[in-house]
Amino acid sequence: MITGRELREKYIRNQPTTFCPGCGDGMLLNGLSRAVEGSGIPREKIVAVSGIGCAAWVASPYWRVDTFHTTHGRAIPHAMGVKLGNRELNVMVVSGDGDCIGIGGNHLIHACRGNIDITVIMVNNGLYAMTGGQVGPTTEFGRPTVTTPYGNPFQGIDATKVAIAAGASHVARWTTYHMKELTRELEHALCKKGLSFIEVLSPCPVRAGKAEKMSGADMLEWYRDNTSKEPSEGKITVGRFLDIQGPELTDEIYRHITHAGGTPR
Ligand SMILES: Cc1ncc(C[n+]2csc(CCOP(=O)(O)OP(=O)(O)O)c2C)c(N)n1
Ligand code: SF4
Ligand SMILES: [Mg+2]
């Protein structure tokens with residue numbers, strides 16, 4: 001069993017992070033490293049792709065795997081390109097909620113539709129954190145933010161439902177309070193063929209917490225008290241929502257190349 005220190009030395013680049021104290025992004029970085037270690041997949045086979053935002057920094061520059069830091073909202077199509085170019089690689093996206101289901105929402109839908117064999121991790125802190133805490137696609141209805149001081153007039157979107165409707169194979173939601181379950185889910189996602197979509201509810205004590213006078217620890221307790229592994233009125237459901245096997249885009253495209261007389265790599 002690898003120790004915490006060995007894990008850190010193996011997977012995390014030795015440099016100070018820009019994550020604020022109490023931010024969930026550091027917890028996810030640790031969970032992801034444990035999941036890769038547990039999966040037995042060599043680190044050299046992992047490619048982590050990210051867009052722009054605080055969550056994007058989990059993949060790059062802090063994680064010691066091959067990384068591709070792309071533009072805001074465009075991590076998924078870049079990841080699809082990496083996977084289609086070399087199907088031996090284990091490709092994942094680490095994306096903020098704004099990145100993944102806001103500006104990049106259409107890419108998420110179409111990646112799920114192809115059920116391409118990548119893992120998409122959406123870090124949901126409920127707003128656009130890096131740019132100051134503006135209202136985002138997952139902000140709950142009525143919640144005040146710096147740009148909606150009288151409350152969000154839109155409903156927050158449930159990205160897990162979008163992923164299921166669009167054709168993903170594996171869909172789950174956990175929080176950074178549930179690190180053991182989340183790490184196991186990430187490990188499953190890494191080994192699972194097809195598109196895995198994992199939503200991670202993660203505290204942003206600086207942009208969200210300050211407004212609600214909550215520390216990072218208070219926010220973890222909030223997740224503990226307001227989530228349920230069974231559907232429950234007034235609580236956020238966490239757990240694995242879908243685990244099926246459907247046709248996968250890379251297989252299909254390689255099959256078409258062979259059919260047309262070509263030789264896929
Ligand atoms: C095309 C484009 N639009 C807007 C921005 C500005 N921008 C950078 S990060 C960011 C917010 C990211 O929010 P989210 O994806 O939720 O990640 P978080 O910071 O909350 O982890 C925005 C709007 C940008 N870099 N590029
Ligand atoms: S602003 Fe929020 S999401 Fe960004 S690093 Fe700080 S606590 Fe984390
Ligand atoms: Mg966000």
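Residues numbered from 1 in each chain as written. Chains lettered and ligands numbered in written order. Predicted model: local features only at pLDDT ≥ 70, side-chain atom pairs only at ≥ 80, totals over all residues.

Asks: Explanation requested: the overall build of the protein chain in the structure shown.
Replies: Along the protein chain, the regular secondary structure elements total 11 helices and 11 strands. Taken over the C-alpha trace, the protein chain has a radius of gyration of 18 Å; the compact-globule value for 265 residues is 18 Å, and the two agree within 12%. Across the 265 residues in the protein chain, those meeting the buried criterion constitute 46%. Taking all contacts inside the protein chain whose residues are at least 6 apart in sequence as the whole, residues at least 24 apart take part in 67%. (Helix = DSSP H or I, 4+ residues; strand = E, 2+ residues; numbered from the N terminus. Rg over C-alpha atoms; globule rule 2.2 N^0.38 Å. Buried ≥ 20, exposed ≤ 12 C-beta atoms within 10 Å, placed from the backbone. Contact = placed C-beta atoms within 7 Å.)

Asks: Sorry, what's going on with the site of ligand 1 here?
Replies: Surveying the vicinity of ligand 1 reveals 16 residues, the closest of which are G53, G96, G98, D99 and A129. Among the elements that line the shell around ligand 1, the one with the most residues is helix α5 (residues 97–103), at three residues. Among the residues forming the shell around ligand 1, the class breakdown is seven nonpolar, seven polar and two charged. (Near = placed C-beta within 6 Å. Nonpolar A, V, L, I, M, F, W, Y, C, P; charged D, E, K, R; others polar.)

Asks: Just checking my understanding: could you explain the site of ligand 2 for this structure?
Replies: Close to ligand 2 lie F19, C20, C23, D25, C54, N125, A129, M130, C204, P205, V206 and R207. A total of three residues in the shell around ligand 2 trace back to one element, the largest contributor, which is helix α9 (residues 205–209). Considering only residue class, the shell around ligand 2 consists of nine nonpolar, one polar and two charged.

Asks: When you look at the pairing of strand β4 (residues 118–124) in this model, what are you seeing that I'm missing?
Replies: For a regular strand, side chains alternate in direction, first toward one face of the sheet and then toward the other. Of all seven residues in β4, seven are buried; the element is thus mostly enclosed. Both faces of β4 are covered, namely the face carrying I118, V120, M122 and N124 and the face carrying T119, I121 and V123. With six bridges joining them, strand β3 (residues 90–96) and β4 adopt parallel strand pairing. Residue pairing in the sheet places M92 in a bridge with T119 of β4. Here β4 runs beside strand β8 (residues 196–201); their pairing, made up of six bridges, is parallel. Each residue of the ladder has a partner; that of T119, found in β8, is S196. (Pairing = 2+ DSSP bridges.)

Asks: Would you mind showing me how to read the packing of helix α4 (residues 75–85) against helix α6 (residues 105–114) here?
Replies: When two helices pack together, you describe them by how their axes are tilted relative to each other and by the distance separating the axes. Their axes nearest at 8 Å, the elements α4 and α6 cross at an angle of 35 degrees. Packed against α4, whose contacting residues are I76, P77 and M80, the element α6 presents H107, L108 and A111 at the interface. Taken together, the residues of the contact of α4 with α6 break down into five nonpolar, one polar and no charged. (Axes fitted to C-alpha atoms, helices over the stretch in contact; angles between N-to-C directions.)

Asks: Any chance you could explain the environment of D99 here in plain terms?
Replies: Inspection of the secondary structure assignment puts D99 in helix α5. Once residues lying within four places of it in the same chain are set aside, the contact partners of D99 are G51, I52, G53, A56, H72, G73, A75 and G104.

Asks: Can you walk me through the nonpolar core in this structure?
Replies: A general tendency of soluble globular proteins is for nonpolar side chains to be buried together. Among the nonpolar cores identified, the biggest contains 64 residues, and V58, V93, V94, I118, V120, I121 and V200 are the most heavily contacted of them. Sorting elements by how many residues they give to this core places helix α2 (residues 24–39) first, with six residues. The residues contacting V93, other than those within four sequence positions of it, are V49, S50, A75, I76, A79, I118, V120 and I121. (Core = buried A, V, L, I, M, F, W, Y, C linked by C-beta atoms within 7 Å.)

Asks: Sorry, what's going on with α6 here?
Replies: Within an α-helix, residues lying three or four positions from one another point in the same direction, as the helix has 3.6 residues per turn. Buried within α6 are the following residues: H107, L108, A111, C112 and G114. Projected down its long axis, α6 carries its buried residues within an arc of 160 degrees, all on one side. If you follow the buried residues of α6, they end up packed against α4, α5, β4, α7 (159–166), β8 and α11 (249–259). One or two positions beyond α6, positive phi appears at N115, with a value near 50 degrees. (Arc of directions from axis to C-beta.)

Asks: Sorry if this is basic, but what is going on with the sheet that holds strand β2 (residues 66–69) here?
Replies: Note on sheets: strands pair through backbone hydrogen bonds, and any given pair is parallel or antiparallel. If you trace the seven strands from one edge of the open sheet to the other, you get β2-β1-β3-β4-β8-β7-β11, paired in mixed fashion. At either margin of the open sheet sits one strand with a lone partner, and together these are β2 and β11 (239–243). On average, adjacent strands in this sheet sit at an angle of 15 degrees to one another, irrespective of strand direction. Here strand β7 (residues 170–175) pairs with β8 via six bridges, running parallel. Bridging across to β8, R173 finds its partner in E199. Running at roughly 175 degrees to β3, α4 makes contact with β1 (46–50), β2, β3 and β4 of the sheet.

Asks: Just checking my understanding: could you explain the environment of H107 for this structure?
Replies: Examined against the element boundaries, H107 turns out to sit in helix α6. In this structure, the C-alpha to C-alpha distance between H107 and I76, residues 31 residues apart in sequence, is 6.3 Å. Beyond its immediate sequence surroundings of up to four residues, H107 is in contact with R74, I76 and P77.

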